[in-house]
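Each chain, letter by letter, is given below.
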Amino acid sequence: MIDYSTYSDNELVALLRQSDVEAFNQIYDRYFMKLFDSGYKRLYNSVLCEEVVQDVFIKLWERRDSMSLTTALSNYLYTAVKYKVFDLYREQLVHDKFMQAVHPDKDNSTIELIFLNDLKAHIEVLVEGLPDKCRSVYRLSRVEHKSNKEIALLLNISEKTVEGHLTKALSKLKLELQASASLIVAMSWWLK
Amino acid sequence: MDNIQLAELLDRYIKGTCTPEEIAIINTWYNKYQNTPGLTETLSPIQNQLLKDKISQKIQEHITGKEIGDIKPHKPVLRQLWVKIAAAAIVIVLIKMAFFNGGVHTSDQIQSANNEIRLINRTKNIVKQVLPDSSMVWLSPNSRITYATKFRGKTRDVLMNGECFFEVSKDAAHPFIVTSNHMITKVWGTSFRVRDAGTSASASVTVVTGKVSVTKKSIVANAKATPKEVMLHPKEAVVYKEQADDFHTELNADMTSLDIWKRINVSFDNAKLSEIVTVLNKKFNANIRVDDVRLNDAVMDADLTGLNLPDVLEVLKASLRLNYELRDNAILLTPSKTNKPN
């Protein structure tokens, strides 16, 4: 009897590609709690987290043949959780819109609205920090998906100026994000 | 930014068509919650195990359903793991023992050096455990079970005390044998119940479907039926009286107490707990009571398809942050106490 718990993640992935069930079970054992919690931190709902973990592992099994070793297994799994979480957010947002139309008095949210509102606020704060003109160009372009030409017409400025504002907005956002992101990376390394 | 705009942004994020800045914005936000507490650290080891097993089972059912053709028959481990629960036989073993009245409210699982797992349920909940052959067992409060980490040899042997419900995966080549205080119950690929009440009282076995054999503990269990072995068919029961040291067969057994193990097909959409409890009581012929009126208004969405009552209670526990307690013949729902660290 081989003890799979002694295998490294990479070895398990190699075995998984050969449809080794025990390798799959070992990965599940190793990552179940971590992934469940990773989802829980952003959903605060254990039923949805079950869906997240289930989905991630089913996809892992279904895609076992094409699993590549270019990214670490842990990275792959945490990212899969993240995508699933955002997928659930998206579903909730669309569902809310739909429910509001059908039952305007009913609140059918399953995801804590705190998260959705916080995400909106997070984006707003970053955009809010931009200079006035820059901000309106950014909003029209990235939130309302208008073309540079349309924005130029709307704000009565040249297309070149629109491009200039946009470049400025994006690079400013980038700087802000790099500052906060590096802090978070440092913290998460610290706590590992 | 409204909901639809955010939904569109997330849609592009998932499809990989966001700009690098947008990706950075979303990732930064996501990472903000990296160090907030998760759920598993607030659960006991046994609760974590339950959660893990439950999801594992769902994953395996899903994979089995889709890839049944992938199963390689020459690999026994695969066959064991992907056994469909639909093909499972059901066994209930009910034995009441006198010596587990301790006040400790935890479950412990001990894996001893000789590769045996001993599980003792000291909670007031029903605790579920998956056995090496993917059979499942639900332990009532104050019950214990012992089995090998891997079933080897010709039989699947389980030793138990207390009250247990088994869903045994079908494997005719390896009989499933439950040894309890008074008797030995052998599954011939079916569903049935064993009830063994106390050291001084009686024991019984009730069959739901298929065939089961029961032998008195004093008789050595053989793989083949001996004259002392009682064969039971559906809706039949055998009662063992310790005083007489003998079996008595009942041809029309009362099956209502088996209802909590039925798997139901119900889902709730934005339903109040009080409504859910009413439906569950009817479906399971149970006596669930909400102990605290504040819980009645708790609302949940839940898909309870394919769950039995103990499974349903686990779902309620997790999603409504409540707890339950088996008291006499009732199930009391109580608000969850503040999570204690493990």
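Small disclaimer: the values here were computed from a predicted structure and weren't measured.

Peer 1: Would you explain the overall build of chain A in this entry?
Peer 2: The helix and strand tally for chain A stands at 8 helices and 0 strands. In chain A, the order of α-helices and β-strands from amino to carboxyl end is α-α-α-α-α-α-α-α. By the burial criterion, 44% of the 192 residues in chain A qualify as buried. Residue pairs in contact within chain A that sit at least 24 positions apart in sequence constitute 54% of those at least 6 positions apart. Here chain A displays about 10100 Å² of accessible surface, and carbon together with sulfur accounts for 56% of that area.

Peer 1: Mind showing me how you'd approach the overall build of chain B here?
Peer 2: A count of helices and strands for chain B gives 6 helices and 21 strands. Burial analysis of chain B (342 residues in total) assigns 50% to the buried set. For chain B, the share of sequence-separated contacts (at least 6 apart) that also reach a separation of at least 24 residues comes to 52%. Taken as a whole, chain B presents about 16400 Å² of accessible surface, with 52% of it coming from carbon and sulfur.

Peer 1: What is the right way to look at the packing of aromatic side chains in this model?
Peer 2: Where two aromatic rings form a pair, the distance of their centres and the angle of their planes describe that pair. Overall, the coordinates contain 17 aromatic pairs over all chains when judged by the stated rule. Judged by centre distance (5.2 Å) and plane angle (25 degrees), the rings of Tyr83 of chain A and Tyr13 of chain B are stacked. A residue pair is termed interchain when its members come from two chains, as with Tyr83 of chain A in helix α4 (residues 73-102) and Tyr13 of chain B in helix α1 (residues 3-15). Classification of Tyr83 of chain A by relative accessible area gives partly exposed; the value is 31%. You can call Tyr13 of chain B buried: its relative accessible area is 3%. An aromatic cluster of at least three residues, connected via ring pairs, comprises Tyr83, Phe86, Tyr89 and Phe115 of chain A together with Tyr13, Trp29, Tyr30 and Tyr33 of chain B. The positively charged end of Lys82 of chain A is found above the aromatic ring belonging to Tyr30 of chain B, 5.7 Å away from the centroid.

Peer 1: Explanation requested: the environment of Leu43 of chain B in the structure shown.
Peer 2: In this structure, Leu43 of chain B sits in the loop between α2 (20-31) and α3 (45-66). As for Leu43 of chain B and Ala318 of chain B, which are separated by 275 residues in sequence, their C-alpha atoms are 9.9 Å apart.

Peer 1: Where do I start with the sheet that holds strand β21 (residues 330-335) of chain B in this structure?
Peer 2: All names here are of chain B. Pairing is mixed across the open sheet formed by 3 strands, whose spatial order is β18-β21-β20. In the strand order of this sheet, the two ends are held by β18 (288-290) and β20 (322-327), each with one partner. Direction aside, neighbouring strands of the sheet carry axes that sit 25 degrees apart on average. Packed on one face of the sheet, helix α5 (residues 273-284) meets β18, β20 and β21 and runs near 165 degrees to β18. Packed onto the sheet, helix α6 (residues 309-320) meets β18, β20 and β21 and runs at close to 145 degrees relative to β20.

Peer 1: Would you take a moment to explain α5 of chain B for this structure?
Peer 2: Two residues of an α-helix separated by three or four positions point the same way, owing to the 3.6 residues in each turn. Residues and elements named next belong to chain B. With 12 residues, α5 should reach 16 Å at 1.5 Å per residue; the first-to-last C-alpha distance of 16 Å fits that figure. Inspection of α5 places Leu273, Ile276, Val277, Leu280, Asn281 and Phe284 among the buried residues, and these make up the whole buried set. One side of α5 holds all its buried residues, which, seen down the axis, span an arc of 135 degrees. Those residues of α5 that are exposed and angled more than 90 degrees off the buried face are Thr278 and Lys282.

Peer 1: Is there a simple way to think about the interface of chain B and chain A in this case?
Peer 2: Think of interface size as the accessible area that goes away when the parts come together; that is how it is often given. Facing the 61 residues of chain B at the interface are 68 residues of chain A. Interface of chain B and chain A: buried area, both sides summed, is about 6100 Å²; carbon and sulfur atoms make up 64% of it. Inspection of the region where chain B meets chain A yields 5 salt bridges. We note a salt bridge from Lys58 of chain B to Glu50 of chain A, for which the minimum N-O separation is 3.5 Å. Counting across the interface, chain B meets chain A through 19 residue pairs in polar contact (both at pLDDT 80 or more).

Peer 1: Can you walk me through empty space enclosed by the protein in this structure?
Peer 2: The gaps of empty space that remain are located by a probe, the size of a water molecule, rolled over the atoms. This structure, assessed with the given rule, holds 3 cavities of 30 Å³ or more. Size it by volume and the largest cavity reaches roughly 120 Å³. Along the wall of the largest cavity there are 14 residues; nearest its centre are Ile123, Tyr138 and Val143 of chain A together with Met1 and Leu9 of chain B. Elements supplying a minimum of two residues to the lining of the largest cavity: α5 (113-128) and α6 (132-143) of chain A together with α1 and α2 of chain B. At 4 residues, α6 of chain A tops the list of elements feeding residues into the lining of the largest cavity. The class makeup of the residues in the lining of the largest cavity is 7 nonpolar, 2 polar and 5 charged.

Peer 1: Looking at this structure, I do not really get the nonpolar core. What am I missing?
Peer 2: Formed by 63 residues in total, the largest nonpolar core has its most connected members in Ile27, Phe36, Phe57, Leu60, Phe86 and Tyr89 of chain A. For this core, the leading source of residues is helix α2 (residues 21-43) of chain A, giving 11 residues. When residues of this core are assigned to domains, at least three fall in each of domain 1 (1-104) and domain 2 (107-192) of chain A. The contact partners of Phe57 of chain A, leaving out residues within four places of it in the chain, are Phe24, Ile27, Tyr28, Tyr31 and Leu35 of chain A together with Ile59 of chain B.

Peer 1: Would you take a moment to explain the environment of Pro141 of chain B for this structure?
Peer 2: Residue and element names in this part refer to chain B. As for its position among the elements, Pro141 is in the loop between β5 (136-139) and β6 (143-148). Separated by 20 residues in the primary sequence, Pro141 and Asn121 have C-alpha atoms spaced 5.5 Å apart. Leave out the neighbours within four places in its chain, and Pro141 touches Asn121, Thr123, Lys124, Asn125 and Leu326.

Peer 1: I'm lost on the confidence of the model for chain A in this one. Help?
Peer 2: Keep in mind that low pLDDT regions are not for reading the predicted coordinates in detail. Chain-level pLDDT for chain A is 80 on average; 80% of the residues reach the 70-or-more range. Confidence drops under pLDDT 50 across residues 183-192 of chain A; counting only partners more than four residues distant or on other chains, this segment forms 6 contacts.

Peer 1: Before we go on, may I ask you to explain the pattern of salt bridges in this structure?
Peer 2: Two side chains of opposite charge can pair, provided their charged atoms sit close to one another. What the rule picks out here adds up to 19 salt bridges over all chains. A salt bridge links Asp311 of chain B to Arg263 of chain B, with the shortest nitrogen-to-oxygen separation between them at 3.5 Å. Remark: Arg263 of chain B occurs in the loop between β16 (246-250) and β17 (267-272) and Asp311 of chain B occurs in helix α6; sequence separation between them is 48 residues. As a salt-bridge pair, Lys272 of chain B and Asp297 of chain B come within 3.5 Å of each other at their nearest N and O atoms. With Lys272 of chain B in strand β17 and Asp297 of chain B in the loop between β18 and β19 (299-303), this residue pair connects regions lying 25 residues apart in the sequence. Residue class for Lys272 of chain B comes out partly exposed when judged on its relative accessible area of 34%. It is possible to trace a salt-bridge network through shared partners that takes in Asp87 and Arg90 of chain A together with Asp11 and Lys15 of chain B.

Peer 1: Looking at this model, I keep getting lost on α5 of chain A. Mind explaining?
Peer 2: Residues and elements named next belong to chain A. Under the 1.5 Å per step criterion, the end-to-end length of α5 is 22 Å for 16 residues, consistent within 8% with the ideal 22 Å. Those residues of α5 not exposed but buried are Phe115, Leu116, Leu119, Lys120, His122, Ile123, Leu126 and Val127. Here the buried residues of α5 occupy an arc of 150 degrees about the axis, which is enough to place them on one side. Seen from the open side of α5, the exposed residues pointing more than 90 degrees away from its buried face are Ile114 and Val125.

Calculation notes
Residues numbered from 1 in each chain as written. Chains lettered and ligands numbered in written order. Predicted model: local features only at pLDDT ≥ 70, side-chain atom pairs only at ≥ 80, totals over all residues. Heavy atoms only, no water. Helix = DSSP H or I, 4+ residues; strand = E, 2+ residues; numbered from the N terminus. Buried < 20%, exposed > 50% of the residue type's maximum accessible area, 1.4 Å probe, protein only. Contact = heavy atoms within 4.5 Å. Areas by Shrake-Rupley, 256 points an atom, 1.4 Å probe, with all protein chains shown as cover. Phe/Tyr/Trp six-rings, centres within 6.5 Å; stacked < 30°, edge-to-face > 60°. Lys NZ or Arg CZ within 6 Å of the ring centre and 35° of its normal. Pairing = 2+ DSSP bridges. Axes fitted to C-alpha atoms, helices over the stretch in contact; angles between N-to-C directions. Expected span 1.5 Å × (residues − 1). Arc of directions from axis to C-beta. Buried area = accessible area lost by both parts, 1.4 Å probe. Salt bridge = Lys/Arg side-chain N within 4 Å of Asp/Glu carboxyl O. Polar contact = N/O pair within 3.5 Å; in protein donor to acceptor, adjacent residues only side chain to side chain. 1 Å grid on protein atoms, 1.4 Å probe; cavity = no way out; pocket = protein on both sides within 12 Å on 5 of 7 lines; lining within 4 Å. Points joined across faces, edges and corners; volume = space filled by probe spheres on them. Nonpolar A, V, L, I, M, F, W, Y, C, P; charged D, E, K, R; others polar. Core = buried A, V, L, I, M, F, W, Y, C linked by side-chain atoms within 4.5 Å. Domains from an automatic or database assignment. pLDDT = per-residue confidence, 0-100.

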